[in-house]
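What the coordinates show
Now for the letters of each chain:
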Amino acid sequence: EINRFIAFESSVSVGGNEHLPLFLEAIRSRKKVFFTYASFVKGIEKPRKVSPLFLKEYRNRWYLISFDSAKNDIITYALDRVQDPMITEDEATLPTDFSPNEYFQDTIGITAYKGEAEKIRIRANQIAAKYIASQPFHTSQVLISEKNEEAVFELKVLISEEFIRIILGYGGEI
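Analysis parameters
Residues numbered from 1 in each chain as written. Predicted model: local features only at pLDDT ≥ 70, side-chain atom pairs only at ≥ 80, totals over all residues. Heavy atoms only, no water. Phe/Tyr/Trp six-rings, centres within 6.5 Å; stacked < 30°, edge-to-face > 60°. Lys NZ or Arg CZ within 6 Å of the ring centre and 35° of its normal. Helix = DSSP H or I, 4+ residues; strand = E, 2+ residues; numbered from the N terminus. Polar contact = N/O pair within 3.5 Å; in protein donor to acceptor, adjacent residues only side chain to side chain. Pairing = 2+ DSSP bridges.

What follows deals with the packing of aromatic side chains. This structure, assessed with the given rule, holds nine aromatic pairs. When the centroid spacing of 5.0 Å and the interplanar angle of 90 degrees are considered together, the rings of Y103 and F104 count as edge-to-face. These aromatic residues form a ring-pair network of at least three members: F23, F35, Y37 and Y77. Of note, K56 hangs over the ring of F104, and the distance from its end group to the ring centre comes to 4.6 Å.

Set out below in structure tokens:
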């Protein structure tokens, strides 16, 4: 009956959510996982064996943040492109200095590039400025100035596809 009075945001799932319990168990038990993965860009399926570190949701899609000891790097996998995952008997190889909060501190979205965050200034018209102020792009965002019909915001982030897409969503308003 509550549906007569309230509507929750919903999205059509792209899949992969069914893998959450398996990856969560692998993280808890500190075991490596094996799966087949199809890259978004190339679409070629390849086998992967990684140490799972963290699960993160972004825009109604789940991602596995993992450590690949063969590449000696942290790699992100979208769960909707994972096939036939299984927990192995191999102990996970975990980087001693990984912290999800630190890893994502300068990011918008799921992409965490290596490198330095950049100081970004965004000039927005009056209407866009109200939206940007009410739903900041990032925790580092501050209002620098407000005059006439526009506002200027400053934030410090890594430039990523996600950030660019958000900016482009405002079109000519910023």
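Another aspect to go through is the environment of E18. Note that E18 resides in the segment before α1 (20-29). In this structure the C-alpha to C-alpha distance between E18 and K31, which are 13 residues apart in sequence, comes to 19 Å. From its side chain, E18 meets the backbone nitrogen of G16 in a polar contact 3.0 Å long.

This part is about the pairing of strand β2 (residues 45-58). Of the strand pairs in this sheet, strand β1 (residues 31-38) and β2 are connected by six bridges, and their pairing is antiparallel. Its bridge partner being in β2, F34 is matched across the sheet by K49. The antiparallel hairpin formed by β1 and β2 contains six residues in its connecting segment, where G43 sits at a positive phi of about 70 degrees. Where β2 and strand β3 (residues 61-68) come together, seven bridges link them in antiparallel fashion. Across the sheet, E57 pairs through a bridge with W62, a residue of β3. Taking the residues that link successive antiparallel strands as the turn, the β2-β3 hairpin has two residues, and the phi of R59 there is positive, at about 50 degrees.

Everything listed is a geometric property; what it means functionally is a separate question.
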